[in-house]
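Residue strings, one per chain:
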Amino acid sequence: MKTSQLLIPTLREDPVEAETVSHRLMLRAGLIRKTAAGIYTYLPLGLRVIRKIEQIIREEMNRAGAQELLMPIASPAELWKETGRWDYYGKELLRFKDRHERDFCLGPTHEEVITDLFRREVRSYRQLPLNFYQIQTKFRDEIRPRFGLMRGREFIMKDAYSFDSDEAGARTSYQKMYDAYTRIFTRCGLTFRAVEADTGLIGGDVSHEFMVLAETGEATVAYSDQSAYAANLERAEVLPPTDIDDAPLRHLTPVTTPQCRTVEEVTAFLKIPPRQLVKTLIYNTGKDTVAVLIRGDHELNEVKLARLLQVTEVRLAESEAVKSLTGAPVGFAGPVGLPGVRIVADHAVHGMKNLVVGANRADTHYMDANQDRDFKIDQFADLRNAQAGDPSPRGAGSLTLAKGIEVGQVFLLGTKYSKSMNATILDEKGQERLAVMGCYGIGVGRTAAAAIEQNHDDKGIIWPFPIAPFHVHLLPVSQSTTTAEATARLYEDLLAGGFEVLWDDRNDRAGVKFNDADLIGAPIQVVVGDKGLADGVVEVKVRRSGVKSRIAPSDVVHHLRILSATTA
RNA sequence: CGGGGCGUAGCGCAGCCCGGUAGCGUACUCGCUUGGGGUGCGAGUGGUCGUGGGUUCAAAUCCCGCCGCCCCGACCA
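Residues numbered from 1 in each chain as written. Chains lettered and ligands numbered in written order. Predicted model: local features only at pLDDT ≥ 70, side-chain atom pairs only at ≥ 80, totals over all residues. Heavy atoms only, no water.

### So, the confidence of the model for chain A
Predicted confidence across chain A gives a mean pLDDT of 91, with 99% of residues reaching 70 or more. Predicted complex, confidence summary: ipTM 0.90, pTM 0.91. (pLDDT = per-residue confidence, 0-100.)

Here it is as structure tokens:
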């Protein structure tokens, strides 16, 4: 392709709206343009990257035995009402009415649609296992889209759904997808980790997220330094501590702590370490109110709390609610004499003695409060976020925290959807039974963004070979007919050699071409100019290393074959 | 939705405090020049200053409403 035939509107300066590296570079390199908040147009170069990733996904999904189909973007409300997600999904589901006033939504995911297809078309266990996938535009009306393709409202997703006749089969299907995902992200040239994950709105029993490790990631990953354990921070288990404080119990003593609301303020005022204080957080579950006790230096994990309380969402109580419950302003809540409310505590609180807690009175805390004697805890559970250095919950080692971008997630759904939608098959005994499902997603645009986050320098993008929009950027830097002819010959040779070539045929100075080439990030640049041709060579530059070699034009294809095999 | 910030030419910005016929850089067009890391000179094109209202002889500038966008939090591929 010639540059003059493609719209590649590179920008010299950073657009202000873009903060993260991938967003900035996608705009600057002319890959995407914004159409509305969280909604983007893929320009020719950006689309080529998307198509490359899609192709890798297709090949690996097909290899894993999945079959491609394409479901509609608009789906009728009835299906969503069957599973209850019409109400449950909330505002993220973009709804609209057709001309007959019938309710529809734009599909944010397709469990309902595929399960409907399955129950109509599949009758027998003999047809299983089945795995259907599609690569399609999804719409989720995100509260705050950001970072370009990283979190758009409209985005391209590969989603797959497996159906098995029993749990064991479903696990096999799950594992196949897990393995396929591993191959996909490896082929895309990404450094990633599969981590145990929470199941969120999709639901189900088991889930892994595929996290590309990058500083700009929105998720935090906890992984063991000595074993395979890795989990999303939301999910990472924390073992109950084994040490128990055996200090003698001291008398419960109120102390005045004027204006000391936060852990920092109280512990600084009392000159105690944060780990000796227990903070009391008042939470609403929608149904009722609970008090949660967490050690001062720990962080409550709301996902774990919601799971413990078996509700979908927990929310910190409003300050007015805290006041009326505790009789004190926010900052002085404590478990001692807290009336008629369920008290749950993190495991770490279990072994503690002589705690500092709020006294449910303005500007007052208690010192040396003790459980059972001064207050009662209804239940202990794992409620805090894992911290770096915590022992790995399974296997050896201790945990390290890192930031990650979630590019894919696999779920073992069980019968959640087949049950609510009555998707059954007949087993070998002629008995009707629910299909056991799994679902599997990959964010295609997000994968591209993650690749940029992981592969760039201050000049621009450095595409991994398999997903580069072009393999080779051909850069004539002289205006002579010698250079023009040599470039044209080389272009034909490279195409014949199976390379995708972007030929910068603009009448611009060398510097302009070099800068654009570095920005666009094709893994290999071939520079053709009078100087080199006089010596019978052209210059081959590897974008990532910057290493340049002088190669005879007739040897370029051979040389690039070797390079492409090693620079992927 | 809560908190912070911003809307002036395709992009990056100044002008606003102190009202008086809209400017810089870049990009784009033309001419000459240059020709291996964003060449130089000159001449141009392009803006109802987000939008609606108000104050005023006069509003980009002051006041009020609305809309949009970005960043931080709660959600997710």
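### Here we look at the nonpolar core
General note: in soluble globular proteins, nonpolar side chains tend to be found buried as a group. If you look at the biggest cluster of nonpolar residues, it comprises 61 residues, and the most contacted ones within it are Leu31, Met61, Tyr181, Ile184, Phe185 and Trp463. When neighbours within four sequence positions are excluded, Phe185 is seen to be in contact with Leu190, Phe192, Phe210, Val407, Gly408, Ile442 and Thr447. Residues Met71, Leu79, Tyr417 and Ile425 belong to the second largest nonpolar core, which totals 26 residues. (Core = buried A, V, L, I, M, F, W, Y, C linked by side-chain atoms within 4.5 Å. Buried < 20%, exposed > 50% of the residue type's maximum accessible area, 1.4 Å probe, protein only. Contact = heavy atoms within 4.5 Å.)

### With respect to helix α7 (residues 263-270)
Looking only at α7, the buried set comprises Val263, Val266, Thr267 and Leu270. In an axial view of α7, the angular spread of the buried residues amounts to 90°, which keeps them on one side of the axis. For α7, exposure combined with an orientation more than 90 degrees from the buried face picks out Glu264 and Ala268. With its phi angle positive at about 55°, Lys271 sits one or two positions after the end of α7. (Helix = DSSP H or I, 4+ residues; strand = E, 2+ residues; numbered from the N terminus. Arc of directions from axis to C-beta.)

### Re the side chain of Asn301
The residue Asn301 is located in the loop between β15 (289-295) and α8 (302-309) in this model. In terms of polar contacts, Asn301 uses its side chain to reach the backbone carbonyl oxygen of Leu233, at 3.3 Å. In terms of polar contacts, Asn301 uses its side chain to reach the backbone amide nitrogen of Lys304, at 2.9 Å. Apart from the residues lying within four places of it in its own chain, the contact partners of Asn301 are Leu233, Glu234, Leu383, Arg384 and Asn385. (Polar contact = N/O pair within 3.5 Å; in protein donor to acceptor, adjacent residues only side chain to side chain.)

### Details of empty space enclosed by the protein
Across all of its chains, the model carries one cavity of 30 Å³ or more by this definition. When its volume is computed, the largest cavity comes out at roughly 40 Å³. Ranked by residues supplied to the lining of the largest cavity, first place goes to helix α2 (residues 44-63) with three residues. When the residues that make up the lining of the largest cavity are grouped by side-chain class, the tally is nine nonpolar, one polar and no charged. (1 Å grid on protein atoms, 1.4 Å probe; cavity = no way out; pocket = protein on both sides within 12 Å on 5 of 7 lines; lining within 4 Å. Points joined across faces, edges and corners; volume = space filled by probe spheres on them. Nonpolar A, V, L, I, M, F, W, Y, C, P; charged D, E, K, R; others polar.)

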